[in-house]
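For reference, the chains in residue letters:
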Amino acid sequence: MIYPIVAYGNPILKREAEEINEGEDINGLISGMYDTMDHASGVGLAAPQINKGIRLFVIDSTLMLDEDSEEKGIRRAFINPIILDEYGDDYSFEEGCLSIPDVRAEVIRPEKLTIEYFDENWNLKEEEFSGMTARVIQHEYDHLEGILFVDYLKGLKKRMVKSKLIDVSKGKIPTDYRMVYPVK
Ligand code: NI
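Residues numbered from 1 in each chain as written. Predicted model: local features only at pLDDT ≥ 70, side-chain atom pairs only at ≥ 80, totals over all residues. Heavy atoms only, no water.

Observations regarding the packing of aromatic side chains
- In the structure shown here, the tally under the stated rule is 4 aromatic pairs.
- When the ring of Phe 78 is compared with that of Tyr 117, the centres are 4.3 Å apart and the planes differ by 45 degrees; the resulting orientation is tilted. Of the two residues, Phe 78 is situated in strand E4 (residues 75–95) and Tyr 117 in strand E5 (residues 105–118); the sequence distance between them amounts to 39 residues.
- Between the aromatic rings of Phe 118 and Trp 122, the centroid separation amounts to 5.1 Å while the plane-to-plane angle is 55 degrees, which identifies the pairing as tilted. Here Phe 118 matches Trp 122 in class, with each residue buried.
- An aromatic cluster is defined as three or more aromatic residues linked by ring pairs; in this entry it consists of Phe 57, Phe 78, Tyr 117 and Phe 129.
- Taking the ring centre of Tyr 91 as reference, the NZ or CZ of Arg 135 above it sits at 4.5 Å. (Phe/Tyr/Trp six-rings, centres within 6.5 Å; stacked < 30°, edge-to-face > 60°. Helix = DSSP H or I, 4+ residues; strand = E, 2+ residues; numbered from the N terminus. Buried < 20%, exposed > 50% of the residue type's maximum accessible area, 1.4 Å probe, protein only. Lys NZ or Arg CZ within 6 Å of the ring centre and 35° of its normal.)

Below, the structure written as structure tokens:
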């Protein structure tokens, strides 16, 4: 099932998401989230972006890496994740978001992280990720905390994207996937 994606300006994107009851059957939802992410050619999608305020995201970092890349990337769901630590060198990378089409900006984040989460079968895992996979996890994890990548922008850059953000929330930016715009 392909869900419409919530656009910037909808309050659910600014809200902290709720924990999911352990063992709850969310396989159908997860599969719909993969479908939605793939349909929109995204590398990650968090539940609040399909209007569900719960702590769940899916990622596919394999799409960001070419064949010769040392890093392989993963395609996986993260349920009730907790980032336990972030470390390594901070670096800047250009991010975008399916909820904020046509806006891209450099964001500085640490290179590596350790995360605890449940996988799709409710097995508890603790793993370390780095590179592009860590970057996508950090971006999607932020969605569960009600944080968007544009929230990190400051000064001139922030002023530059402001009118674009208004256009996004008004549905003035065309997308090749279906979006829901904030209620006026
Ligand atoms: Ni996003």
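There's more to say after this.
Side note on the layout of surface pockets
- The volume enclosed by the largest pocket comes to roughly 370 Å³.
- Secondary structure elements with two or more residues in the lining of the largest pocket: E4 and helix H2 (131–144).
- Top contributing element to the lining of the largest pocket by residue count: H2, with 4 residues.
- In the lining of the largest pocket, the residues fall into 9 nonpolar, 6 polar and 6 charged. (1 Å grid on protein atoms, 1.4 Å probe; cavity = no way out; pocket = protein on both sides within 12 Å on 5 of 7 lines; lining within 4 Å. Points joined across faces, edges and corners; volume = space filled by probe spheres on them. Nonpolar A, V, L, I, M, F, W, Y, C, P; charged D, E, K, R; others polar.)

Re the pairing of E5
- Note: E4 against E5, 12 bridges, orientation antiparallel. Across the sheet, residue Glu 94 finds its bridge partner in E5, namely Glu 106.
- Bridge analysis of E5 against strand E6 (residues 124–130) gives 7 bridges, and the strand direction is antiparallel. In the strand pairing of E6, Phe 118 is matched with Leu 124. (Pairing = 2+ DSSP bridges.)

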